[in-house]
Every structure is written in C-alpha cells, then in structure tokens.
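# Remarks on the overall topology
As a plain string of letters, each chain reads:
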Amino acid sequence: MAEKVLMKGNEALAEAAIMAGCRHYFGYPITPQTEIAAYMAKRMPVIGGTFLQAESEIAAINMIYGAAAAGKRAMTSSSSPGIALKSEGISYLAGSDLPALIINVQRGGPGLGGIQPSQSDYFQSTKSAGHGDFKLIVLAPASVQEMVDLTFKGFDLADKYRMPAMLLSDGTMGQMMEPVSLEMGEVKEYDKSSWAACGTKCERKHNVVNSLFIQPEELERYNFERYERYAQIEANEVMYDEYKMEDAEICIVAYGVAARVSQNAIDKAREAGIKVGMIRPITLWPFPKAVLNAAADKVKAFISVELSMGQMIEDVELAIRCKKPVLLCNRVGGMIPTTEDVLNSINKANSVGGDK
Amino acid sequence: MTHEILLAGFGGQGILFSGKFLAYDGLLEDKEVSWLPSYGPEMRGGTCNCSIILSDTKIGSPIVSNPNVLVAMNLPSLDKFEASAVPGAKIFVDSSLIDRKVERDDVEVYYIPATKLASDENLPGLANMIMIGHVIAKAGVMPYENVETTMKKLVPAKKQNLIELNIKAVELGYNY
C-alpha cells in the first residue's frame with residue numbers, strides 16, 4: 001500500500017492529471033476550483049509542461065481543442081458558469097472526436113449563482129453539454145481518492161473512445177482534504193498517429209481534425225458511428241458502488257457529496273431497524289441503469305438525494321421504468337442536505353413505499 | 001471512536017491551520033480523516049470555520065453539523081454554533097475574546113484566554129495552537145506525544161523556525 005498524503009481534492013486531482021501524462025492545462029480562475037489552476041501554474045513549468053491562464057473560458061477550451069488535435073493529453077477546469085461558456089468548444093471536441101478531460105467543480109446556479117457546492121449541472125453534463133448529438137463520459141467522485149482515481153480513469157477513457165470526458169465534482173470534494181494515495185497504475189499509451197495533427201514528416205498524408213461536414217450523408221454517418229461507440233461505452237464502462245444493498249428495502253441513489261451524507265443517514269436508519277441501502281453512480285453517463293432496474297424488483301421505494309431541484313431523479317425513474325415510487329431529497333443554492341433531511345426522506349419512503 | 005470537531009473563529013486566526021494539525025495527526029495515526037474548510041464569502045473578515053473528522057471507521061459526510069468538540073475563537077462563532085453541539089460535547093471558548101458564558105448546561109465547557117496568553121507569552125498569532133493544546137488535554141483528540149512529529153510533518157522545512165513556537169503554544173494550552 002502506497003504512503004498516503006493529506007491533500008485537497010482540487011490539488012490531488014491536478015497531481016493525478018500530471019501523473020496521467022497531462023502536460024497541457026488551460027484554464028481561467030473561478031471559485032471553487034481555482035486551486036487546480038494554481039497547482040498547475042506551479043508544477044507545469046517544473047516538469048516541462050504548459051500552463052496557460054487564458055483570457056476567458058472560451059479561449060481555454062479552444063486551446064484544449066488545439067492540444068488534443070495534436071494528440072496530447074490536455075485538461076481544463078472550471079465551475080458551473082464557466083463550463084456553460086465552454087459548451088461550444090466541448091461540442092466541437094465531440095464533433096471532431098477529440099479526447100480531453102474537462103473538470104467541473106460545481107457551484108450553485110443558475111446565472112452567476114453562488115460559490116457553494118451544488119449538483120445542479122447534472123442535466124448540462126449528462127444530457128446537453130453543448131449543441132448537437134453527442135455524449136460526454138461523466139465521472140462523479142465522492143472522495144479525494146476518487147478525485148485522483150477518476151481523473152486518471154477519465155484521461156484513459158477519453159483516449160480509448162476518442163471523446164471528451166468530464167469529471168463532475170462539487171465544491172465540497174474540491175475543498176476538502178482526505179488521506180489519499182497517489183500511486184496509480186501504468187499510463188496506457190494510445191496510438192494517435194492515424195488521426196492526430198502531430199506532423200507528417202513528409203511521410204504521409206495530412207490528418208485533418210474537423211467538425212464541419214457539409215454533406216448531410218457524411219455528417220449522418222459520423223453521428224451514427226459515434227453513437228455505436230457510445231453503445232459500447234454503455235455496455236462496458238458503467239461504474240457504480242453499492243452500500244448495504246444486500247437486504248435493502250429502500251434504495252438511495254446519490255453521487256458525490258450527497259452520497260457521503262446519505263451514508264450517515266443509512267447507518268442511522270439501520271440502527272432504527274429500517275433496511276436501507278445505496279446505489280452510488282460513479283459514471284453518471286453511462287448511467288447504471290441495469291443495476292437500478294434489477295434493484296427495483298427487490299426494494300419498495302427509491303430516494304434520489306441530490307443538490308439540485310431534481311435532475312438525476314429523472315434518470316432513476318427511467319432506469320427503473322417507474323416500477324417503484326422515487327422520492328426526491330434535495331437542497332439547492334449551495335445548501336447540502338443534512339443527515340436528518342435524508343433520514344426524514346427514508347422514514348417517508350418507509351411508510352409510503354409499501355404500495356406496489 | 002469518532003471525533004467530530006468544529007473549529008470556528010474569524011479569518012486570520014489560523015483556524016484552518018490548527019484544523020490541519022489535527023488532520024495530519026490522524027493521517028500519521030492511519031485513521032480515517034476529513035478536513036473541510038468553509039470557503040464562503042464570510043472568510044473575508046467574518047467567521048471562518050473548519051470541520052475535522054477523525055475516525056476508526058469510514059467517514060460518511062465530511063460536514064460536521066453536530067460537533068462533539070467545538071472550539072469558538074470569537075463571539076459570532078459561539079453564537080452560531082453553540083446550539084449545534086451534541087449533548088455532552090466539549091466546548092472550548094477563547095475567554096479573552098468572548099465575554100459571555102456558554103448558556104447550555106448539557107455540555108462541558110472549557111474557558112481559556114488563549115489570545116491573551118499568546119500575547120503575554122510572546123507567541124504572536126498562536127492563540128489557535130494554544131486552543132488546540134487545551135483540546136488535546138481535555139478532549140483527547142490526539143496523543144500529546146505526537147505533537148512534535150505531527151508539527152514537523154505539517155510545517156514546511158523552510159519555515160523550521162515556526163515549529164518550536166507552535167509546539168510551545170500547544171504545550172502552553174495543554175498545561176493550562
């Protein structure tokens with residue numbers, strides 16, 4: 001077991017990106033993720049990488065496009081309003097089949113919102129991170145260790161499927177410190193020579209990185225091909241964690257900080273004899289539909305605990321084909337549900353969830 | 001055994017640093033640890049607080065909403081958090097900055113004039129560590145013999161001169 005260090009989520013994530021081979025970081029400061037940029041500013045020059053504070057979020061995401069087009073591992077980070085600004089560039093990355101990692105340390109919205117933790121960008125990241133038909137792989141860490149592990153994983157998946165991936169975190173995960181191991185496996189190298197604009201040495205035809213396809217037949221073909229790849233991802237890359245689900249009669253679905261709070265509530269509810277467990281999606285896209293649908297045949301009710309007005313709950317209802325009631329337990333605007341809030345919902349689910 | 005600790009005061013008192021000290025000890029003892037700062041706009045001149053959990057079991061929420069150890073280093077912090085402490089909690093009050101008493105009678109209260117002691121003993125800005133010393137003595141959140149090792153781990157090498165002063169402050173609070 002590697003020696004553990006105590007690090008802030010944002011800094012641990014930045015170090016993990018460097019260990020994953022990222023040598024190009026472009027960003028623009030915004031609370032609560034600025035530590036990522038600050039860490040990169042300190043480290044990148046030392047290790048021969050590039051740190052650049054762009055003039056705006058839009059510029060930063062287009063720099064990512066450039067680095068990714070050249071076949072390099074590149075990362076940008078921001079928080080909710082900043083991600084909205086990047087959405088055009090994210091769509092271009094998807095349309096050009098470019099791998100990159102985008103970090104969203106979410107804060108409350110809409111608009112400029114607040115700076116406290118939130119999960120209200122669920123729809124944005126899983127359904128519509130930009131215009132056009134495309135998906136992002138969306139990873140949701142629930143600890144500082146997962147900030148590290150999923151950053152590493154995010155780069156790998158992005159390269160493997162040639163598409164942008166997003167780490168969807170929140171202010172709590174970014175700001176908190178926990179013991180973390182920075183020992184990661186080998187960085188898997190992917191051969192990018194067939195598509196990257198990384199120099200022909202006058203030995204081959206140019207690779208063209210582009211998202212403009214004016215012939216509808218051609219554009220349609222690219223879209224279909226891309227969705228075949230998405231189908232493979234849905235079949236192979238779903239990640240989730242289960243907590244006390246063996247005998248559960250109520251199933252909480254929560255990710256990130258909401259899952260951490262839910263764990264406390266589950267322990268307390270079990271002391272009172274209520275059999276409750278949790279399925280924690282680690283990939284929000286692909287969403288763990290099958291395991292939820294299977295759980296729907298065993299439990300009497302679900303509770304979606306989230307820091308939004310009820311976004312993930314729609315995916316839960318779809319996944320379980322509305323077979324069982326799904327309650328919403330939520331706080332928004334930078335507020336976080338307390339253990340008691342979740343306990344109240346558990347009690348409610350325990351009393352109303354009986355009718356099948 | 002789980003310690004849910006809330007340290008609160010105003011920006012500049014070293015609240016986050018003293019929290020880190022406890023968190024680092026937890027790391028060295030191979031405990032489950034979480035450290036979560038408040039990072040709201042209130043940090044600029046207003047209240048600043050920090051949640052630390054030290055536990056033998058996996059930590060759920062890193063947010064301490066009902067502390068069993070509360071350290072209040074200014075009046076707004078005591079006003080804000082006194083009611084949230086669990087019954088039986090240990091509340092530590094910097095009595096040189098807070099002139100009221102804790103109103104609850106279901107908690108154990110320790111008054112220590114940490115800010116005044118810091119200035120009397122020529123330990124500028126170290127009231128936070130005096131408080132922590134007292135917390136170690138009365139709440140047993142970490143073994144006293146770990147103080148030196150933990151401090152050396154936490155304070156960067158180029159600030160070695162601060163280690164001795166910090167240890168002295170912890171010692172002062174511990175023996176108060």
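Residues numbered from 1 in each chain as written. Chains lettered and ligands numbered in written order. Predicted model: local features only at pLDDT ≥ 70, side-chain atom pairs only at ≥ 80, totals over all residues.

All names here are of chain A. Spanning 14 residues, helix 12 (residues 339-352) covers 20 Å between terminal C-alpha atoms, matching the ideal 20 Å at 1.5 Å per step. Among the residues making up helix 12, those that are buried are T339, V342, L343, S345, I346 and A349. Buried residues of helix 12 fall within an arc of 160° about the axis and therefore sit on the same side. Structural note: helix 12 exposes S351 and V352 on the side pointing more than 90 degrees away from its buried face. Check the buried side of helix 12 and you find it contacts strand 10 (250-253), helix 9 (256-271), strand 11 (276-281), strand 13 (301-306) and strand 14 (326-330). (Helix = DSSP H or I, 4+ residues; strand = E, 2+ residues; numbered from the N terminus. Expected span 1.5 Å × (residues − 1). Buried ≥ 20, exposed ≤ 12 C-beta atoms within 10 Å, placed from the backbone. Arc of directions from axis to C-beta. Contact = placed C-beta atoms within 7 Å.)

Further remarks concern the domain arrangement of chain A. All names here are of chain A. Domain boundaries assigned for chain A yield domain 1 (4-236) and domain 2 (242-352). Summarising the inter-unit geometry, the C-alpha centres of domain 1 and domain 2 are found 28 Å apart. With 26 residues of domain 1 in contact, the opposing surface of domain 2 contributes 22 residues. Where the side of domain 1 that touches domain 2 is concerned, the elements lending two or more residues are helix 5 (122-126), strand 6 (137-139), strand 7 (164-170), helix 7 (171-175) and helix 8 (216-236). Considering each element in turn, the side of domain 1 that touches domain 2 owes the most residues, 4 residues, to helix 5. (Domains from an automatic or database assignment.)

Residue and element names in this part refer to chain A. Relative to the elements of secondary structure, Q33 occurs in the loop between strand 2 (24-27) and helix 2 (34-43). On a C-alpha basis, the gap between Q33 and M245 in space is 34 Å, while along the polypeptide they are 212 residues apart. Each residue touching Q33, except ones within four places of it in the same chain, is listed here: N10, S77, S78, S79, I103, V105 and G174.

Summarising the element assignment, L7 of chain B is placed in strand 1 (residues 2-10). Judged by local crowding, L7 of chain B falls into the buried class, with 32 C-beta atoms found within 10 Å.

Strand-to-strand pairing in sheets goes through backbone hydrogen bonds, with the strands running parallel or antiparallel. All names here are of chain A. Strand order across the open sheet formed by 7 strands is 3-2-4-5-7-6-12, with mixed pairing between neighbours. Either end of the sheet is taken by a strand with one partner, and the two such strands are strand 3 (50-53) and strand 12 (283-285). With strand direction ignored, the average angle separating the axes of adjacent strands in the sheet is 20°. Note that strand 6 and strand 7 share 3 bridges and pair parallel. (Pairing = 2+ DSSP bridges. Axes fitted to C-alpha atoms, helices over the stretch in contact; angles between N-to-C directions.)

Bringing the packing of helix 1 (residues 15-28) of chain B against helix 4 (residues 127-139) of chain B into the picture now. Residues and elements named next belong to chain B. Contact pair helix 1 / helix 4: the axes reach a minimum separation of 9 Å and the direction vectors enclose 35°. Where helix 1 crosses over helix 4, the handedness of that crossing is right-handed. Contacts from I15, F17, S18, F21 and L22 of helix 1 reach helix 4 at N128, M129, M131 and I132. Its residues placed into classes, the contact of helix 1 with helix 4 shows 7 nonpolar, 2 polar and no charged. (Left-handed = near helix turned anticlockwise from the far one by under 90°. Nonpolar A, V, L, I, M, F, W, Y, C, P; charged D, E, K, R; others polar.)

What follows deals with the sheet that holds strand 9 (residues 240-243) of chain A. All names here are of chain A. Strand order in this open sheet of 5 strands is 9-11-10-13-14, and the pairing throughout is mixed. Since the sheet does not close on itself, it has two edges, and those belong to strand 9 and strand 14, each with one partner. For this sheet, the mean angle separating the axes of adjacent strands, direction not counted, is 20°. Across 4 bridges, strand 9 lies against strand 11 in antiparallel orientation. Within strand 11, the residue paired with E242 across the bridge is I279. The strands that helix 11 (residues 312-319) touches are strand 10, strand 13 and strand 14; relative to strand 13, the one it contacts most, it runs at about 155°.

Take the packing of helix 4 of chain B against helix 6 (residues 161-175) of chain B next. For any two helices packed against each other, one specifies the inter-axial angle together with the distance between the axes. Residues and elements named next belong to chain B. Across the interface, helix 4 lies against helix 6 with an axial gap of 6 Å and an inter-helix angle of 50°. By the angle class used here, helix 4 and helix 6 are oblique. Here helix 4 runs over helix 6; the crossing is right-handed. On the side of helix 4, the interface is formed by M129, I130, M131, I132, G133, H134, I136 and A137, while helix 6 contributes N166, A169, V170, E171, L172, G173 and Y174. Considering only residue class, the contact of helix 4 with helix 6 consists of 10 nonpolar, 4 polar and 1 charged. (Parallel < 35°, antiparallel > 145°, perpendicular 65-115°, else oblique.)

This next bit is on the environment of K324 of chain A. Residue and element names in this part refer to chain A. Following the sequence through the fold, K324 ends up in the loop between helix 11 and strand 14. The spacing of K324 and G130 is 194 residues in sequence and 32 Å in space, taken between C-alpha atoms. When neighbours within four sequence positions are excluded, K324 is seen to be in contact with A296, V299, K300, A301 and F302.

What follows concerns the confidence of the model for chain B. Residues with a pLDDT of 70 or more make up 97% of chain B, whose mean pLDDT is 94. Both scores are available for the predicted complex, with the pTM at 0.95 and the ipTM at 0.93. (pLDDT = per-residue confidence, 0-100.)

Taken residue by residue, the interface counts 15 residues in chain B and 19 residues in chain A. Those elements that place two or more of their residues in the side of chain B that touches chain A are helix 1 and strand 2 (32-37) of chain B. Partitioning the side of chain B that touches chain A into residue classes produces 10 nonpolar, 5 polar and no charged.

Attention now goes to the pairing of strand 2 of chain B. One face of the sheet, then the other: side chains in a regular strand alternate in exactly this way. Residue and element names in this part refer to chain B. With respect to burial, strand 2 is a largely interior element, 5 of its 6 residues being buried. When strand 2 meets strand 3 (residues 47-55), the two strands line up antiparallel, connected through 6 bridges. Bridge assignment links S34 to a residue of strand 3, and that residue is I53.

The next point concerns helix 6 of chain B. The terminal C-alpha atoms of helix 6 of chain B, which comprises 15 residues, lie 22 Å apart, in line with the 21 Å expected from a rise of 1.5 Å per residue. In this fold, the buried residues of helix 6 of chain B make contact with strand 6 (108-112), helix 3 (114-120), helix 4 and helix 5 (147-154) of chain B.

What follows concerns unusual backbone geometry. Residues and elements named next belong to chain A. Cis peptide bonds are those with omega within 30 degrees of zero, and the linkage from T31 to P32 qualifies with 5°. Summarising the element assignment, P32 is placed in the loop between strand 2 and helix 2. Going from W285 to P286, the amide bond is cis rather than trans, its omega being 0°. Phi is positive for D97, close to 55°, though the residue is something other than glycine. Residue position: D97 is located in the loop between helix 4 (80-95) and strand 5 (100-106). Located in the positive-phi region is R162, a residue other than glycine, with phi close to 50°.

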